[in-house]
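Observations on the three-dimensional arrangement
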Amino acid sequence: MPTLTKLYSMQEASEHNSAGDCWIVVDGKVYDVSSYLEEHPGGDDVILQVTGKDATDEFEDAGHSKSARELMETFCVGELDSSDIPQLEVVSEKQKSYIPEKLVDLSKQYWAAPVAVVGISVVVTFLYLRNK
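All of the points below concern the structure found in this document. (Residues numbered from 1 in each chain as written. Predicted model: local features only at pLDDT ≥ 70, side-chain atom pairs only at ≥ 80, totals over all residues. Heavy atoms only, no water.)

Let us now look at the overall build of the protein. Per the secondary structure count, the protein includes seven helices and four strands. Helices and strands appear in the protein in the N-to-C order β-α-β-β-α-α-α-β-α-α-α. Among the 132 residues that make up the protein, the fraction classed as buried is 20%. When contacts within the protein are restricted to residue pairs at least 6 apart in sequence, those whose partners lie at least 24 apart make up 69%. Summed over all atoms, the accessible surface of the protein reaches about 10,200 Å², with 59% contributed by carbon and sulfur. (Helix = DSSP H or I, 4+ residues; strand = E, 2+ residues; numbered from the N terminus. Buried < 20%, exposed > 50% of the residue type's maximum accessible area, 1.4 Å probe, protein only. Contact = heavy atoms within 4.5 Å. Areas by Shrake-Rupley, 256 points an atom, 1.4 Å probe, with all protein chains shown as cover.)

Glancing now at the environment of G42. Along the chain, G42 turns up in the loop between β3 (29–32) and α2 (44–48). Accessibility expressed as a relative area gives 44% for G42, which makes it partly exposed. Put simply, G42 and A62 are 20 residues apart on the chain and 9.5 Å apart in space, counted from C-alpha to C-alpha.

Take the layout of surface pockets next. By volume, the largest pocket amounts to about 380 Å³. In terms of lining residues, the largest pocket is bounded by 19 residues, among which I24, H40, I47, F59 and H64 are the most central. Secondary structure elements with two or more residues in the lining of the largest pocket: α2, α3 (56–61) and α4 (66–73). The greatest single-element share of the lining of the largest pocket, amounting to three residues, is contributed by α4. Residues that form the lining of the largest pocket fall into these classes: 14 nonpolar, four polar and one charged. (1 Å grid on protein atoms, 1.4 Å probe; cavity = no way out; pocket = protein on both sides within 12 Å on 5 of 7 lines; lining within 4 Å. Points joined across faces, edges and corners; volume = space filled by probe spheres on them. Nonpolar A, V, L, I, M, F, W, Y, C, P; charged D, E, K, R; others polar.)

Consecutive residues of a regular strand have side chains that alternate between opposite faces of the sheet. Here strand β2 (residues 23–26) shows a buried face lined by W23 and V25 and a second buried face lined by I24 and V26. Pairing analysis gives four bridges linking β2 to β3, with the strands arranged antiparallel. By the bridge assignment for β3, V26 is matched with K29. The turn joining β2 and β3, which pair antiparallel and follow one another in sequence, is formed by two residues; a positive phi near 50° is taken by D27. (Pairing = 2+ DSSP bridges.)

This next bit is on the pairing of β3. Where β3 lies against strand β4 (residues 76–80), three bridges are found, and the strand directions are antiparallel. Looking across to β4, one finds that V30 is bridged to G78.

On to unusual backbone geometry, then. Note: most peptide bonds trans; most residues except glycine with negative phi. For D27, which is not glycine, the phi torsion reads 50° and is therefore positive. For D27, a relative accessible area of 52% translates into the label exposed.

Glancing now at the sheet that holds β4. If you trace the four strands from one edge of the open sheet to the other, you get β1-β4-β3-β2, paired in mixed fashion. Edge strands, defined here as strands with exactly one partner in the open sheet, are β1 (7–8) and β2. Contacts from α4 reach β2, β3 and β4, with the element oriented near 80° to β3. (Axes fitted to C-alpha atoms, helices over the stretch in contact; angles between N-to-C directions.)

Grouped together as the largest cluster of nonpolar side chains are 13 residues, with contacts concentrated most on I24, V26, Y31, V33 and I47. Setting aside anything within four residues of it in sequence, one finds V33 in contact with C22, I24, I47 and F75. (Core = buried A, V, L, I, M, F, W, Y, C linked by side-chain atoms within 4.5 Å.)

These values are about where atoms sit, not about what they do.
Put into structure tokens, the structure is as follows:
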């Protein structure tokens, strides 16, 4: 039987963004870490940078241990309401290839500048060595 937890919107979680009232969101769960700030081994400033935000990437990048993950569960106050999360827009194949095509077009259009620089360098070198 699933455990029922309180659902919070990202807006609600973002309102708790101070040292005295510090909530973070990690992997869709909302944590009140206000009482843990002084005990955090990485310092309170690391948590305060992501308070009131989705800190999943920062949490995963830090490489937390299994015991740290278990300790974090004691601070869980609920889950993020997934219906509140904006849906990502699907990018069509044509839009994906737009940037590489544009880059190729630019490289074809502006090929003369690097060729001119190399050509001038060759001429100057030739003239310099001829006068020696």
